Number of protein chains: 2
Amino acid sequence: MAKRVTGPEIEKLIQLLAKVPGLGPRSARRAALTLVKKKDQLLGPLSKAMGEAYDKVRICSCCGNVDTIDPCTVCTDERRDHGVIIVVEDVSDLWALERAGALNVVYHVLGGTLSPLDGVGPDDLNIAGLIDRVTRGHVREVIIAVNATVEGQTTAHYITEQLAGIDVKITRLAHGVPVGGELDYLDEGTLTAALRARTAI
Amino acid sequence: MAKRVTGPEIEKLIQLLAKVPGLGPRSARRAALTLVKKKDQLLGPLSKAMGEAYDKVRICSCCGNVDTIDPCTVCTDERRDHGVIIVVEDVSDLWALERAGALNVVYHVLGGTLSPLDGVGPDDLNIAGLIDRVTRGHVREVIIAVNATVEGQTTAHYITEQLAGIDVKITRLAHGVPVGGELDYLDEGTLTAALRARTAI
């Protein structure tokens, strides 16, 4: 803005909101105005919730999930099958798989993928922690659920090599046509994979 | 989510973020994860900024602007021409006009438009405050800058009637082709207005 039209505290709030993913400079202003107008319904509670999250948030020392307890809600859940570990790149992938709710098992968050160009090596990811969990035993299966990108597949291969000597079943997610997807819009690689992995009706 | 995968404090943060305009349930989760990951760069400062805004925010008793001082930054700016008042519907309109920076004058925020169907009458808007400011004198011009909607125009007419007995010039924003706009995409009303108000080159 050319001239100041509001207090520095509100300008600061707008600047910080603009850094939140999903909000840009323009929507940050709109968000700040709504927050200020809904002072007691929204701004107050949100400020309090952020303060509490800031004080209590922990990264699970076992699986890498984001939680307010360590080990996390998932790792301490006795009703889950701790013999199956799903390996994911990011916490958001863990949450997405939990929304699907297909398996009642535990997870391991790598915190990224191997990427030599970006200087990300095996020591930058939580791979040692995974090997450690599997080596300690009681794990029957490791499901590698990394993204179907070049970096994701490289990481999957590396993990498979590292687990080679251990008596554990290693699997990966199936490739195929997304449920509800139209063939016309799919790439050749996906269609080839879906044809090769065709199943009897 | 079917099962709990994270702490109640983080779930609460996601729920509240989803109420911020511009963020939905999905982007609220992404925002919360980013905030938690950038704990010290973003979550901490944002929590602090929200707390300060909550404590200090005021609605200007003169013009209705949102600020941390009362009267606000605009109303206390001695370098502005206090003889011209721009009447707007919302604080966001005030900020938008200030970004344009065309006039160095003061404002009056109505807080909405007359809308009998929604039960919004003259007493629900800050119209009395405007009449009071104009009656006290020293105001040469009132620029009515409400939206070009039916409700906005109704409100403009009502204000014009209320100011009828007072010696003040009342103007409204020009209608015409938006700068950078294409004629092909404009409605007939705008084109007619632009033709009628044509100017010599």
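Source: prediction; values computed, not measured.

J.: Where do I start with the overall build of chain A in this structure?
T.: Each helix and strand counted, chain A has seven helices and six strands in total. For chain A, the α and β elements follow one another from N to C terminus as α-α-α-β-β-β-α-β-α-β-α-β-α. Computed over the C-alpha atoms, the radius of gyration of chain A is 22 Å, more than 25% above the 17 Å expected from 2.2 N^0.38 for a compact globule of 201 residues. Along the three orthogonal principal directions, the C-alpha set of chain A runs to about 65 × 45 × 40 Å. Each of the 201 residues in chain A was classed as buried or not, and the buried ones make up 43%. Long-range pairs, those at least 24 residues apart, make up 47% of the contacts in chain A with a sequence separation of at least 6. Of the roughly 11100 Å² of accessible surface on chain A, a fraction of 53% belongs to carbon and sulfur atoms. Mean positive and mean negative side-chain charge positions of chain A (23 and 26 charges, respectively) differ by 11 Å.

J.: Is there a simple way to explain the interface of chain A and chain B in this structure?
T.: Accessible area lost upon the coming together of the parts serves often as the stated size of an interface. Residue-level contacts link 60 residues of chain A with 60 residues of chain B. Interface area for chain A against chain B, summed over the two sides, is near 5700 Å², with a carbon-plus-sulfur share of 71%. Scanning the region where chain A abuts chain B turns up four salt bridges. Where chain A packs against chain B, one counts 18 residue pairs in polar contact (both at pLDDT 80 or more). When contributions to the side of chain A that touches chain B are tallied by element, the ones reaching two or more residues are α1 (8-17), α2 (25-37), α3 (39-56), β2 (66-67) and α4 (91-100) of chain A. Looking at which element gives the most residues to the side of chain A that touches chain B, the answer is α3 of chain A, with 15 residues.

J.: Even after reading the chapter, I still don't get helix α1 (residues 8-17) of chain B, so can you show me in this structure?
T.: For an α-helix the count is 3.6 residues per turn, leaving residues at separations of three or four pointing the same way. Burial runs high along α1 of chain B: seven of the ten residues are buried. Those residues of α1 of chain B lying buried are Glu-9, Ile-10, Glu-11, Leu-13, Ile-14, Leu-16 and Leu-17 of chain B. Buried residues along α1 of chain B sit in contact with α3, β2 and α4 of chain A together with α2 (25-37) of chain B.

J.: I would appreciate a short explanation of the packing of aromatic side chains in the present structure.
T.: In this description, an aromatic ring pair is defined by two values, namely the gap between the centres and the angle between the planes. For the structure on display, the rule yields zero aromatic pairs over all chains. Taking the ring centre of Tyr-54 of chain B as reference, the NZ or CZ of Lys-39 of chain A above it sits at 4.2 Å.

J.: What should I look at first to understand the relation of the copies chain A and chain B in this one?
T.: Applying a rotation about an axis and a shift along it to one chain copy brings it onto the other copy. Superposition record for chain A on chain B: RMSD 0.0 Å, screw rotation 180°, translation along axis 0.0 Å. This pairing of chains is accounted for by a two-fold axis. The C-alpha atom lying nearest the rotation axis in chain A is that of Ser-47 of chain A; the distance is 2.6 Å. Mapped onto chain B, 100% of the interface residues of chain A are again interface residues, and the two copies thus contact each other with one and the same surface.

J.: I'm lost on a positive patch on the surface in this one. Help?
T.: On the surface, a cluster of positive charge is made up of Lys-12 and Lys-19 of chain A together with Lys-38 and Lys-48 of chain B. Its relative accessible area of 39% is what places Lys-38 of chain B among the partly exposed residues.

J.: What am I meant to see in the packing of α3 of chain A against α1 of chain B here?
T.: Each packed pair of helices is defined by two parameters, the angle between the axes and the distance between the axes. Direction vectors running N to C along α3 of chain A and α1 of chain B enclose 150°, while the axes themselves pass 9 Å from each other. Viewed along their axes, α3 of chain A and α1 of chain B form a crossing whose handedness is left-handed. Residue-level contacts link Leu-42, Pro-45, Leu-46, Ala-49, Met-50, Glu-52, Ala-53 and Lys-56 of chain A of α3 of chain A to Glu-9, Lys-12, Leu-13, Leu-16 and Leu-17 of chain B of α1 of chain B. Taken together, the residues that form the contact of α3 of chain A with α1 of chain B break down as nine nonpolar, no polar and four charged.

J.: Looking at this model, I keep getting lost on the pairing of strand β5 (residues 141-144) of chain A. Mind explaining?
T.: Consecutive side chains of a regular strand alternate in pointing toward one face of the sheet and then the other. Residue and element names in this part refer to chain A. By the alternation rule, side chains of β5 split into Glu-141 and Ile-143 and Val-142 and Ile-144, which are all buried. The pairing of strand β3 (residues 81-88) with β5 spans four bridges and is parallel. Its bridge partner lying in β5, Ile-85 is registered against Val-142. Relative to strand β6 (residues 169-172), β5 runs parallel, the two being bridged by four bridges.

J.: What am I meant to see in the nonpolar core here?
T.: It is characteristic of soluble globular proteins that their nonpolar side chains tend to be buried jointly. Judged by nonpolar contacts, the single largest core of 112 residues is most densely connected at Leu-17, Leu-46 and Met-50 of chain A together with Leu-17, Leu-46 and Met-50 of chain B. A domain split of this core shows at least three residues from each of domain 1 (6-42) and domain 2 (80-172) of chain A.

J.: Would you mind showing me how to read the domain arrangement of chain A here?
T.: Annotation of chain A at the domain level lists domain 1 (6-42) and domain 2 (80-172). Between domain 1 of chain A and domain 2 of chain A, the C-alpha centre-to-centre distance is 38 Å.

J.: Quick question: what am I supposed to make of the UniProt feature "zinc finger region: C4-type" (unreviewed entry) in chain A here?
T.: Under the UniProt annotation, "zinc finger region: C4-type" (unreviewed entry) lies at residues 60-75 of chain A. Within residues 60-75 of chain A, the helical portion is 0% and the strand portion 12%, while the C-alpha atoms at the span's ends are 8 Å from each other.

J.: Would you explain the sheet that holds β3 of chain A in this entry?
T.: What holds strands together in a sheet is hydrogen bonding between their backbones, with the strands either parallel or antiparallel. Residue and element names in this part refer to chain A. The four strands are arranged β4-β3-β5-β6 in an open sheet whose pairing can be described as parallel. Each edge of the open sheet is held by one strand with a lone partner, namely β4 (105-109) and β6. Averaged over all pairs of adjacent strands, the angle between their axes in this sheet comes to 25°, without regard to strand direction. Of the pairings in the sheet, the one linking β3 to β4 comprises five bridges and is parallel in character. Residue Val-87 lies in a different strand from β4, and its bridge partner there is His-108. Here α4 sits on the sheet and contacts β3 and β4; the angle it forms with β4, its principal contact strand, is near 160°.

Conventions adopted
Residues numbered from 1 in each chain as written. Chains lettered and ligands numbered in written order. Predicted model: local features only at pLDDT ≥ 70, side-chain atom pairs only at ≥ 80, totals over all residues. Heavy atoms only, no water. Helix = DSSP H or I, 4+ residues; strand = E, 2+ residues; numbered from the N terminus. Rg over C-alpha atoms; globule rule 2.2 N^0.38 Å. Buried < 20%, exposed > 50% of the residue type's maximum accessible area, 1.4 Å probe, protein only. Contact = heavy atoms within 4.5 Å. Areas by Shrake-Rupley, 256 points an atom, 1.4 Å probe, with all protein chains shown as cover. Lys, Arg positive; Asp, Glu negative; His and termini not counted. Charge placed at Lys NZ, Arg CZ, Asp CG, Glu CD. Buried area = accessible area lost by both parts, 1.4 Å probe. Salt bridge = Lys/Arg side-chain N within 4 Å of Asp/Glu carboxyl O. Polar contact = N/O pair within 3.5 Å; in protein donor to acceptor, adjacent residues only side chain to side chain. Phe/Tyr/Trp six-rings, centres within 6.5 Å; stacked < 30°, edge-to-face > 60°. Lys NZ or Arg CZ within 6 Å of the ring centre and 35° of its normal. Least-squares fit on C-alpha atoms with pLDDT ≥ 70 in both. Patch = residues over 30% accessible without salt bridge, like charges linked within 9 Å, V, L, I, M, F, W, Y side chains within 5 Å. Axes fitted to C-alpha atoms, helices over the stretch in contact; angles between N-to-C directions. Left-handed = near helix turned anticlockwise from the far one by under 90°. Nonpolar A, V, L, I, M, F, W, Y, C, P; charged D, E, K, R; others polar. Pairing = 2+ DSSP bridges. Core = buried A, V, L, I, M, F, W, Y, C linked by side-chain atoms within 4.5 Å. Domains from an automatic or database assignment. UniProt positions renumbered as here; feature names shortened; annotations may be inferred.

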